[in-house]
Amino acid sequence: ENSKYSPHDFYTEFGSWDEALKAAGIDRKQTLLEDLNQVAEEVGHVPKTSDVNKHGTYSYSVYLSYFDSWDEALEQSGVKERFETESRESSEEMINTLQSLYNQLDRVPKPTELPEKYSPSDFSREFGSWNKALKAAGIDKKQAILDEIEKLLEIRGVRRPTARRILEAFGTVD
């Protein structure tokens, strides 16, 4: 940039670059917080330091000169709280969707039965796996399978096998 003033001129006149910005009515801290929010919107999650270095106007080191830590910058920008709240709301909505499907189908839903709004990978990303998502929704897949076996046995008039009946069937009980 071709400025008619050198950095030394700003330091001589104002004592520091920050004081020069302040005299010009520029709040550097607020500018940094706004930039951090812009990066968060661009990446779609709480930014990491590498995200700021790649997408931001200012580097991570500039943030450290204005804030005691990266976490403090995230806290003051409101980014951390906003994404945690959105994530909580998203998780709750996903859980409600699973519970609703479970009640409608009267069985454990399959990933392919999700409404168009979601993909199975959304649930894996949010909860770690499809089964963990079911568990978070209070759906006990193992018990549901056992209940289904019980229903089928009942329909066919078969008595539930007990250890004694199994042993009798193999002729090991006198």
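To keep things clear, this report deals only with the structure shown in the data block. Computed from a predicted structure; not experimentally measured.

## Quick look at the overall build of the protein
Counting its secondary structure elements, the protein contains 11 helices and zero strands. Each helix (α) and strand (β) of the protein, taken in turn from the N terminus, gives the series α-α-α-α-α-α-α-α-α-α-α. For the protein, with 174 residues in total, the buried portion stands at 25%. Counted over contacts in the protein with a minimum sequence separation of 6, partners at least 24 positions apart contribute 47%. Carbon and sulfur atoms form 50% of the exposed surface of the protein, whose accessible area is close to 12,400 Å².

## Comments concerning the packing of aromatic side chains
Under the defined criterion, the tally for this structure stands at seven aromatic pairs. When the centroid spacing of 5.7 Å and the interplanar angle of 70° are considered together, the rings of Tyr-60 and Trp-70 count as edge-to-face. Taken as a pair, Tyr-60 in helix H5 (residues 60–66) and Trp-70 in helix H6 (residues 70–77) lie far apart in primary sequence, 10 residues in all. Since its relative accessible area comes to 28%, Tyr-60 is described here as partly exposed. Trp-70 sits in the buried class, given a relative accessible area of 13%.

## Observations concerning the pattern of salt bridges
Scanning the entire structure with this criterion turns up six salt bridges. Where Lys-22 meets Glu-19, a salt bridge forms, and the shortest distance between an N and an O atom there is 3.6 Å. Of the two residues, Lys-22 and Glu-19 are both situated in helix H2 (residues 17–23); the distance of three residues between them amounts to about one turn of the helix. With a closest N to O distance of 3.9 Å, Glu-75 and Lys-80 form a salt bridge. The exposure class of Glu-75 is exposed, given its relative accessible area of 52%.

## What about the side chain of Lys-80?
Position of Lys-80 relative to the elements: it lies in helix H7 (residues 79–105). Among the polar contacts made by the side chain of Lys-80, one reaches the side chain of Asp-71 at a distance of 3.3 Å. In contact with Lys-80, other than residues within four places in its own chain, are Val-46, Asp-71, Leu-74 and Glu-75.

## Let's talk about the environment of Ala-40
Note that Ala-40 resides in helix H3 (residues 28–43). When the C-alpha atoms of Ala-40 and Phe-83 are compared, they prove to be 9.0 Å apart, with 43 residues separating the residues in sequence. The residues contacting Ala-40, other than those within four sequence positions of it, are His-45, Pro-47, Val-79, Arg-82 and Phe-83.

## Description of H3
Here H3 is 16 residues long and its end C-alpha atoms lie 23 Å apart, about the 22 Å a rise of 1.5 Å per residue gives. The backbone nitrogen of Lys-29 has a side-chain oxygen 3.2 Å away, supplied by the residue at the start of H3, namely Asp-27. Note on H3: the residue one or two positions beyond its end, Gly-44, has a positive phi of about 80°.

## Section: a negative patch on the surface
On the surface, Asp-106, Asp-140, Asp-147 and Glu-148 cluster together into a patch of negative charge. Residue placement: Glu-148 occurs in helix H10 (residues 141–155).

## Some remarks on the environment of Phe-67
With respect to the helices and strands, the residue Phe-67 is situated in the loop between H5 and H6. Note: C-alpha distance between Phe-67 and Lys-29 (38 residues apart in sequence) is 8.7 Å. In contact with Phe-67, other than residues within four places in its own chain, are Lys-29, Leu-32, Leu-33, Glu-72, Ala-73 and Gln-76.

## Details of a nonpolar patch on the surface
A cluster of nonpolar side chains, Ile-145, Leu-146 and Ile-149, forms an exposed patch at the surface whose accessible area comes to about 260 Å². Of the residues examined, Ile-149 reaches a relative accessible area of 43% and is grouped as partly exposed.

Calculation notes
Residues numbered from 1 in each chain as written. Predicted model: local features only at pLDDT ≥ 70, side-chain atom pairs only at ≥ 80, totals over all residues. Heavy atoms only, no water. Helix = DSSP H or I, 4+ residues; strand = E, 2+ residues; numbered from the N terminus. Buried < 20%, exposed > 50% of the residue type's maximum accessible area, 1.4 Å probe, protein only. Contact = heavy atoms within 4.5 Å. Areas by Shrake-Rupley, 256 points an atom, 1.4 Å probe, with all protein chains shown as cover. Phe/Tyr/Trp six-rings, centres within 6.5 Å; stacked < 30°, edge-to-face > 60°. Salt bridge = Lys/Arg side-chain N within 4 Å of Asp/Glu carboxyl O. Polar contact = N/O pair within 3.5 Å; in protein donor to acceptor, adjacent residues only side chain to side chain. Expected span 1.5 Å × (residues − 1). Patch = residues over 30% accessible without salt bridge, like charges linked within 9 Å, V, L, I, M, F, W, Y side chains within 5 Å. Lys, Arg positive; Asp, Glu negative; His and termini not counted. Charge placed at Lys NZ, Arg CZ, Asp CG, Glu CD.

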